[in-house]
Every structure is written in C-alpha cells, then in structure tokens.
Amino acid sequence: MFFGFDDEEVAVRDAVASYLSKKAGVDLLREAWADPSGSAVRQVWSELARIGVQGLLVPAEAGGSGMGWVAMALVLAETGRAALALPLAETAAVGAPLIAAAGDPAGALGGLLDGSEMLSAAPGFDWLFPAASTAEWFLVPGRLYRRDEVVVEAVASVDRSRDAGRVTPCGEGVAVPGDDLLERGALAAAAVLVGLGRALLDTTVGYVKERRQFGVPIGSFQAVKHHLADAAMAVEMAAPAVWAAAWRMDNPDGPAGPSAAGGPAGSAGPSAAVGPAGSAGLSAAVGPDGAGGVRLAVSTAKALSSDAAYLAGRKALQCHGAIGYTVEHHLHMWLKRVWCLAAAFGSPSWHRRRVAAELGLGAPPPAS
Amino acid sequence: MDLSWSKEDEAFRAEARRWLEENVPRSPLPSGDTQEGFALHVEWEKLLFENRWSAVSWPEEYGGRGASLWQWLIFEEEYYRAGAPQRVTQNGIFLLAPSIFEFGTPDQQRRLLPRMAAAVDLWCQGWSEPGAGSDLAGITSRAERTERGWRLTGQKTWTTRGAFCTHLFGLFRSEPGSTRHRGLTYFLVPLDAPGVTVRGFGRLDGDEGFAEVFLDGVEVGDQDVLGEVGRGWSVAMATTGSERGLTLRSPGRFVAAVSRLADLARRRGCDPAQADRVAQAWMDAEAYRLYTLQTVTDLARGGRPGPESSLNKIWWSEMDVRLHETALDLCGADAEVDGEWMRGYEFSLAGPIYAGTNEIQRNIVAERLLGLPRS
C-alpha cells in the first residue's frame, strides 16, 4: 500500500506546471475566449506535445511514453489550475490511447502526438463536443471520424473558450473499439476539476488576505474563513478519489480495498450482491472487481470533484463580492469551465445513479 | 501508487477477521454508556487484550502487536465490519496513549500503558469545564504546589463515561496568575483519590454517558504529571491531533455504517431520491477512506499530523450525521423507534460538537492550512 506518486509522475507534473505557469496565464485564456483557434493557443498545444503530454497514455512502441493514468491525472489537474482551453483530456486521456490500442486505423496518431492536430470526444452524438471548430478528429464510443466526415454546428457555450459544437456524422468513420470512453472522459474531467477547484481556492485565499473592509482583511472574518474551509475540505477530499480512480484504471483487477463492501459479517454487502464472485484475496472477495470496480471509482471521482469544484466556485464568487461578478475580473473563466466540466461525461447525479446501481439500488442510468 | 495490500497485511486481515468472527458477541451488548453495559464492555476489552487485539499498533511489551499503521487501519476495518462492540477504552488507548508515548517518562510508560491495554485502568478525558468549552484555554481548574506534589481543585465536565472510569487525564492551571495557553500542566488523576466527586448524567440518548468531575483539594504526585510542568497545552494538543485525526474515527467505522445503510435500503426498498443519498453516503465514506490512505502514507514516510486533521474531523462528523438522516428516512414511520438507527443518529449529532466544535475546526483549517489572518 502506497498512496503517493513516484518520481517520474512528479517530474512530468512539475514540468507541465512550470511550463503552464509561464505560458498559460490569464492572457492566453482571454485570447482563447476571443478566438479558440488563435495561434498562441496552438503554440501551447505544440509545446505540450514536445513535453510528451499528448502521448502519456500511449505505449512507447506506438510513439508515446506509456506512463499511465496517475501521471495523466496529475497533469490534467495542472491544466485545470490554468483553465487551459485545449482538448487535452479528449486527446490525451480518451482518444490517443484508444486509437493506439486499435492499431491507429485512420492514421490519426502521428498528428495527435506531435501537436499538429487535436481530437474531440464525447459519449455520443447527443452530447456537446469541445474544440468543435479546431479538432481534426471526432471520437464517439466505437468510432472515429475525420473532420470532413462530420457536420459541426457551433453552440454558444457559457465558456466561450470551450468552442462547443453539436456534431453529426456524414461519413463512414473507422472502428475504434473501446467501451470505456466514458470512464476515460469522466476521470479526465474529474482531474481537471480538482485543478480548477484548487485554483479557485488559491486565488480567493489570496484575494481575501488583500481586500480590506472595516479596516481589516476580510479573510480575518469568521464567515469568510468558514466559506473557504468548506471549499478546501470538499476539494481535498475529492482529490484522493481522483488519484485512486486513476490507479484503478490501470489496475482494473486490483484489490478493491475493503471499502467497496465491508458489510457486517454475514450480511450481503453491496458487492456480494452485484460484484463478480470468486476472485482471490480477502479484500477483493468483498469488493467488485474489474469493470464494476472501475465504474465505482470513476463515478465517485467525477461526482465528488464536480460537486467540490462547484462549491469552490460559489465560495470564490461570494468571497470576491461584486468584482467577481464581472467579466473584467478573470474569475468568471474558471467558474464557467467548472460548470461545463461538471456536466461533461456525466453530471454528478448521473454518476451517483451509477454508484447506486453498483450498490444494488436501481438500474444504471442510460449512457445518453 | 499501489493500492493493493501486501501478503503480510492480507494475512493480518485474515487473522483478525477469523478471530472476530469467532469471538464477537452474537447479540449486541447493552450500551456501554450505562453501568451494566459498561461492565460487559470491559469484559470484552479484557478478551481483546488477552488475544492482543486491544492496541494492535503498540509495541509487544505493552500488550500490542507492534503492528504498522496500515495494519491498525485493517484491524479497524475488520472490527467494525464484524459489528464488534464500541470501544469503551477508546479515550485511553487512542487519545491519551499517543501522548504518553511521546511525552511520558519510561516509568509512566511501563506503569500506565499495560494496565490501559488490559482495561484495568479505564481513562476518561478532563478537558472541558463549565466556562471552557470551545475556548479551552479558558481553563480555571488549578494545581497548587505542595511539599509532596500537587493539589488539584476545580470542575471538569462533559466527561464521557466519567461515572464508570477509574482515571482522568486533564489540564490544570499550575502557574497562579497565568492566562490562556501558558501555565497549564497535564495531570493524570485516579478517580478514587480523596476529594474527587463524580456525578453522571444523561446524554441526548438518555444514557448516563456524561459526567461532571469535581476536584476538591485532590492530592497527586509528580509522577502524575505528563510532560513538562507549565507545558500542558502542547501535550494536550498532541492528543487533540490524534482525536481529530485518524485514531478516534478511522474509516472502517463509516465504511461499515454505510454498508449497513445500503443493506437497509435494499431490504426496505428505496425511491430514486433515497438511492441518491445512499450513493452519496457511500462516496463520502470512500473519500474518507482514500484520504486516510494518503495521510497514512505521509505518516509512514515520517510526516507529522498537522492541521489537516481538522479537515478529517469536519468531514467524518458531518458525513455521519447525513448518513444517519438518510437511514431514518429509509426507516419511514419506524424512524421514531428508539433503536439502532435512532441511537446512531443521536450519537452522530455529538460528532460536530465533541473533539473541538466544527466551527473551531473550520477556523483551524482557514488559519493554519489556508493561512488566513487571525481575527
């Protein structure tokens, strides 16, 4: 048992964080709001490819670094901190590894890994796609489409830098197997949401230390302190669920840990009711393995991180007061990203329904 | 990251599970917060001790197994999974003992720890006073120097199971005229000493789980001082760190509770709104379990419990209240029955108050974790 990160994971996280802190500030985000296909934004995409970010989940023999989900989640959290307006979750965490596993049937991988192309993904065509005007590739469960094989209708997202669109296929596409697109997207979004939540908290902590009313910093008032303590608790309790789900993605048959069940002796614990039986190991014997365990872990991560980031956003806005309620202050761009990602790849209540289903309480929600 | 357990840890879990399955009383003991129930719980504690399960993480010389923190977590999971009795030795083993290990003299460690593990000495906590609750530094109970030691005078209150315990640990003002955190000393007091009067009274659930302890010129010796004279606050804070952190309420307790909740929902049936609340409770308990694995990894690498323990305390206490409210909702009209879930609900309501109110914890999080200015 070791709930921490290895040197390699920390190194790639820090490399990305360091790069983003220099190159992906508020100015870049404002530029993405004005023009999501702007050259500065594309340049950051290329630079991330040079660091190897797009290929983190792609095996080395297919041109990636094959580092794994924990590194991916740490990196995505850093991009969340910066509210980076690029489809990194879709490209690096969803599309590239699935395409690589399928043997790259459409020849998409090269351009995605070298930073010249982007991929957008969603759990189905009735979901909104980000980066709709700039992505060269569109992925839904089981099928990959080239830009000229779809019709894109722009949708005004509350977050203009999302560049959202409704996508309809008009061509054949190619088969890209993989029934875990939604798990990948949901976990990637969860990791970004942890970063967004931490950024909202940090920026607000900084603000309430500076802003003075009644002759003192407003951060000295207990009401303000308690707002931010609640946000910190929600975000820091959600984060380990995200890292654990990342580990679980790479270890789907790993022991579930006693938590997944642990009913009183003799009673039918949740997993005993629904989990596949017969696996070895005491703790595994009481928790769902494989797909059920991954679903539980991912849904927990997505629901908790969405709610935590929402809460951090509300507390951040409240503590900023009227200045936060403007588009002149940068806070709104972080808030709006939270609202979008909380809805993407399954809302919190959608994921709670899935958890309930794993506990034997009702049917799972439909995917779309 | 590696969230699998080692072979040794799995073997430890198997041994604990087997022993608990064979030994946990078939029908629940009466509440340990009554005289009769307490005595039965002490018998259970002695059985735990005889089989070296009462304090698994302590060194063997004191009656433990020298188990790692990981194994302690595993034992807790198995303990609550098995539906084993509440730990009436908890205030000693989990709250006082960490301070004795850190600040106690070798003599105190030899003298006190084995008797504590064996449930011979039963410890209760003497922090709060009628005028010092959240504002704990407002303590006025005093310790006066005598020729042979100290004379204690004052009143402690909200002392859990004080009417049934044999010893009290608490803070007393030992420097006349001192204020706030300075001039306090940490004392270990036998409750059968002349001058001690204990009056038990009913908690919210009606059990006599609370007591007030009056000290009227109680004589104790220098061997009954824990840590340095005048430095009692730091010693006490080490204990409250344990209390808010993982030792008081390990994840195993909530994992087991939420599992019983899911059982209840399956048995009685539930509507989608109730299923949503059960799912939330399950996720909250899981989040606490994972957060704790992160904490224990840090501690195993030499970290110290910090203000993060206040995050723990707010989380588990508020989660526990929601969990029980969900259970009562599932019970329907039977919710009012003074049974398992209502009792659990009443107990959960104490969580946001004891071990430092959640308002105090939020101040600690804001000031020490986030760095906001003190008011």
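Keep in mind the model is a prediction, meaning the values are calculated, not measured.

**Q** How would you explain the overall build of chain A if you had to name every residue and give the values?
**A** Counting its secondary structure elements, chain A contains 13 helices and eight strands. Computed over C-alpha atoms, the radius of gyration of chain A comes to 21 Å, within 12% of the 21 Å expected from 2.2 N^0.38 for 368 residues, which places it in the range of a compact globule. Projected onto the principal axes, the alpha-carbon positions of chain A cover approximately 65 × 55 × 40 Å. The 368 residues of chain A split such that 57% are buried.

**Q** Which residues make up the overall build of chain B, and what values do they have?
**A** Secondary structure assignment for chain B yields 11 helices and eight strands. In terms of C-alpha radius of gyration, chain B reaches 21 Å, essentially the compact-globule figure of 21 Å for 375 residues. By its C-alpha atoms, chain B is 65 × 45 × 45 Å across when sized along the principal axes. A buried classification covers 53% of the 375 residues belonging to chain B. Restricting the contact set of chain B to residue pairs at least 6 apart, pairs at least 24 apart contribute 72%.

**Q** Tell me what's going on with the pairing of strand β3 (residues 142–146) of chain A, and back it up with residues and numbers.
**A** Residue and element names in this part refer to chain A. Direction of pairing for strand β2 (residues 137–140) relative to β3: antiparallel, over a ladder of four bridges. In the sheet register, valine 140 faces β3, and the bridge partner there is arginine 143. Between β2 and β3, which pair antiparallel one after the other, the connecting turn spans one residue. Both β3 and strand β6 (residues 174–176) contribute to a ladder of three bridges, which runs antiparallel. Within the sheet, the bridge partner assigned to leucine 144 lies in β6 and is valine 174.

**Q** How would you explain the domain arrangement of chain B if you had to name every residue and give the values?
**A** Think of interface size as the accessible area that goes away when the parts come together; that is how it is often given. Residues and elements named next belong to chain B. Each assigned domain of chain B is listed with its residue range as follows: domain 1 (7–89 + 102–117), domain 2 (123–230) and domain 3 (245–369). Between the C-alpha centres of domain 1 and domain 2 the distance comes to 27 Å. Counting residues at the interface gives 11 residues for domain 1 and 10 residues for domain 2. Contributions of two or more residues to the side of domain 1 that touches domain 2 are made by α2 (35–50) and α5 (106–117).

**Q** Which residues make up helix α3 (residues 69–81) of chain B, and what values go with them?
**A** Residue and element names in this part refer to chain B. End to end, α3 covers 18 Å across 13 residues, agreeing with the expected 18 Å (1.5 Å per residue, within 8%). Of all 13 residues in α3, 12 are buried; the element is thus mostly enclosed. Among all positions in α3, only Trp70, Gln71, Trp72, Leu73, Ile74, Phe75, Glu76, Glu77, Glu78, Tyr79, Tyr80 and Arg81 are buried. Buried residues belonging to α3 abut α1 (7–23), α7 (251–268) and α8 (272–300). Glycine 83 occupies a position one or two residues after α3 and carries a positive phi of about 65 degrees.

**Q** Describe the nonpolar core, with residues and values.
**A** Soluble globular proteins tend to bury their nonpolar side chains together. In terms of nonpolar packing, the biggest core is built from 237 residues, with Met72, Ala73, Leu76, Ala238, Val242 and Ala246 of chain A together with Val278 of chain B touching the most fellow members. Broken down by element, this core gets its largest block of residues, 19 residues, from helix α8 (residues 222–250) of chain A. Those residues within four positions of valine 278 of chain B in sequence are excluded, and the remaining contacts are Ala356, Leu359 and Leu361 of chain A together with Leu261, Ala262, Ala265, Cys270 and Thr326 of chain B.

**Q** Go over the packing of helix α4 (residues 69–81) of chain A against helix α5 (residues 88–101) of chain A with me, naming the residues and quoting the values.
**A** Residue and element names in this part refer to chain A. As a packed pair, α4 and α5 sit with axes 11 Å apart at the nearest point and diverge in direction by 175 degrees. The angle between α4 and α5 falls in the class roughly antiparallel. Together, Met72, Leu76 and Thr79 of α4 and Leu88, Ala89, Ala92 and Ala93 of α5 make up the contact between the two elements.

**Q** Describe the sheet that holds β2 of chain A, with residues and values.
**A** All names here are of chain A. The four strands lie next to each other as β1-β2-β3-β6, forming an open sheet whose pairing is mixed. Among the strands making up the open sheet, the edge pair consists of β1 (119–121) and β6. This sheet shows a mean twist of 30 degrees between the axes of neighbouring strands, independent of strand direction. In this sheet, β2 lies alongside β1 in parallel orientation, the contact comprising three bridges. Following the sheet pairing, leucine 119 is matched in β2 by tryptophan 137. Sitting on the sheet, α5 touches β1, β2, β3 and β6, and the angle it makes with β1 is about 95 degrees.

**Q** Run through the interface of chain A and chain B, naming residues and quoting values.
**A** Each side of the interface is counted separately: chain A has 55 residues, and chain B has 55 residues. Among the secondary structure elements, those contributing two or more residues to the side of chain A that touches chain B are α7 (181–210), α8, α10 (282–286), α11 (290–320) and α13 (348–358) of chain A. It is α8 of chain A that provides the largest number of residues to the side of chain A that touches chain B, a total of 15 residues. For the side of chain A that touches chain B, the residue count by class is 33 nonpolar, 18 polar and four charged.

**Q** Talk me through the domain arrangement of chain A; I want residue IDs and the actual numbers.
**A** All names here are of chain A. We note that the domain assignment places domain 1 (7–179) and domain 2 (182–254 + 289–358) within chain A. Centre-to-centre separation of domain 1 and domain 2, based on C-alpha positions: 21 Å. Contacts between the two partners involve 25 residues from domain 1, matched on the other side by 27 residues from domain 2. Only α2 (26–34), α4 and α5 provide two or more residues apiece to the side of domain 1 that touches domain 2. Of the residues forming the side of domain 1 that touches domain 2, the biggest block, 10 residues, is contributed by α4. Tallied by class, the residues present in the side of domain 1 that touches domain 2 amount to 16 nonpolar, five polar and four charged.

**Q** So what about the packing of α3 of chain B against α8 of chain B? Which residues, and what values?
**A** Residues and elements named next belong to chain B. Where α3 contacts α8, the two axes come as close as 10 Å, and the packing angle between them is 150 degrees. On the basis of the axis angle, α3 is roughly antiparallel to α8. The segment α3 lies against α8, with Leu69, Trp70 and Leu73 engaging Thr292, Val296, Leu299 and Ala300. Looking at the contact of α3 with α8 residue by residue, the classes come out as six nonpolar, one polar and no charged.

**Q** Explain the environment of phenylalanine 214 of chain A to me, and be specific about the residues and the numbers.
**A** If you trace the backbone, phenylalanine 214 of chain A turns up in the loop between β7 (212–213) and β8 (216–217). For the pair phenylalanine 214 of chain A and leucine 112 of chain A, spaced 102 residues apart in sequence, the C-alpha to C-alpha distance is 54 Å.

**Q** Can you tell me about α5 of chain B, naming the residues and giving the values?
**A** All names here are of chain B. The terminal C-alpha atoms of α5 lie 16 Å apart, and with 12 residues this matches the ideal 16 Å at 1.5 Å per residue to within 8%. Among all positions of α5, only Leu112, Leu113, Met116 and Ala117 are buried. Viewed end-on, α5 has its buried residues packed into an arc of 120 degrees, placing them on one side of the element. Where α5 is buried, its residues touch α2, α4 (90–103) and β1 (123–126).

Quick notes on the rules
- Residues numbered from 1 in each chain as written.
- Chains lettered and ligands numbered in written order.
- Predicted model: local features only at pLDDT ≥ 70, side-chain atom pairs only at ≥ 80, totals over all residues.
- Helix = DSSP H or I, 4+ residues; strand = E, 2+ residues; numbered from the N terminus.
- Rg over C-alpha atoms; globule rule 2.2 N^0.38 Å.
- Buried ≥ 20, exposed ≤ 12 C-beta atoms within 10 Å, placed from the backbone.
- Contact = placed C-beta atoms within 7 Å.
- Pairing = 2+ DSSP bridges.
- Domains from an automatic or database assignment.
- Expected span 1.5 Å × (residues − 1).
- Core = buried A, V, L, I, M, F, W, Y, C linked by C-beta atoms within 7 Å.
- Axes fitted to C-alpha atoms, helices over the stretch in contact; angles between N-to-C directions.
- Parallel < 35°, antiparallel > 145°, perpendicular 65-115°, else oblique.
- Nonpolar A, V, L, I, M, F, W, Y, C, P; charged D, E, K, R; others polar.
- Arc of directions from axis to C-beta.

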